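Structure at a glance
These are the residues of each chain, in order.
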Amino acid sequence: MSDSISRWRSQGVRVVPANQLDSNTAQTPGMRRAAAITTDRTGGTKLWAGTVTIDANAKTGPHHHGDLESVIYVVNGVARMRWGDRLEFVAEAQAGDFIYVPPYVPHQEINASPDLQLHCVLTRSGQKGLVYNLDIDPVEVPELVRWIDDLHR
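Residues numbered from 1 in each chain as written. Predicted model: local features only at pLDDT ≥ 70, side-chain atom pairs only at ≥ 80, totals over all residues. Heavy atoms only, no water.

Time to look at the sheet that holds strand S2 (residues 48–54). Read from one edge of the open sheet, 5 strands run S1-S2-S9-S4-S7, paired in antiparallel fashion. The two strands at the open ends of the sheet, each matched to only one other strand, are strand S1 (31–37) and strand S7 (98–101). Each adjacent strand pair in this sheet contributes to an overall mean axis angle of 20°, direction not counted. In this sheet, S7 lies alongside strand S4 (residues 70–76) in antiparallel orientation, the contact comprising 4 bridges. Considered in S7, the bridge of Ile72 is made with Ile99. (Pairing = 2+ DSSP bridges. Helix = DSSP H or I, 4+ residues; strand = E, 2+ residues; numbered from the N terminus. Axes fitted to C-alpha atoms, helices over the stretch in contact; angles between N-to-C directions.)

Next up on the list: the packing of aromatic side chains. By the definition in use, this model includes 2 aromatic pairs. Residues Tyr73 and Phe98 carry aromatic rings whose centres are separated by 4.8 Å and whose planes lie at 50° to one another, so their mutual orientation is tilted. Pair noted here: Tyr73 is in strand S4 and Phe98 is in strand S7, with a separation of 25 residues, a long-range link. For Tyr73, a relative accessible area of 30% gives the class partly exposed. Residue Phe98 is classed as exposed on the basis of its relative accessible area, which comes to 60%. Seen in terms of ring centroids, Trp83 and Phe89 are 5.9 Å apart; in terms of plane orientation they differ by 35°. Their pairing is tilted. Residue class for Phe89 comes out partly exposed when judged on its relative accessible area of 25%. Across the ring face of Trp8, the terminal group of Arg7 is positioned such that the distance to the ring centre comes to 4.1 Å. A cation sits over an aromatic face here: Arg124 above Trp48, 5.9 Å from the ring centre. (Phe/Tyr/Trp six-rings, centres within 6.5 Å; stacked < 30°, edge-to-face > 60°. Buried < 20%, exposed > 50% of the residue type's maximum accessible area, 1.4 Å probe, protein only. Lys NZ or Arg CZ within 6 Å of the ring centre and 35° of its normal.)

Pasting the structure below:
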């Protein structure tokens with residue numbers, strides 16, 4: 001076997017089976033996070049990926065993730081996102097939708113369903129487990145934002 005073939009066998013594609021996700025990661029009451037792609041598990045250094053399951057009516061506190069970008073893919077359920085200095089904006093995403101959270105944006109994830117779990121896949125642009133919890137006095141009624149990208153206006 002040539003050196004390049006043996007190198008790709010041990011340093012190539014990694015498959016992380018669903019039953020082998022690592023739940024030894026930061027947790028929030030009402031939410032369960034499980035890591036799939038981490039440096040320790042796969043050797044990846046620029047991305048973190050995993051799943052999050054949020055109980056009915058559960059939500060995070062206001063927070064941001066420093067200089068990391070986040071992408072959330074909604075597998076099942078309805079995700080309600082609030083964001084802004086006073087969480088004054090709100091949008092909802094349903095199964096099949098993607099959510100992009102830029103660096104430093106104060107936000108809060110909410111399961112919009114009173115009786116169904118929300119299941120998402122989460123990716124971040126780095127391995128740092130950065131969560132900066134914020135003491136925010138949120139507005140009572142946020143503004144609904146329906147985003148349409150420039151290509152579809």
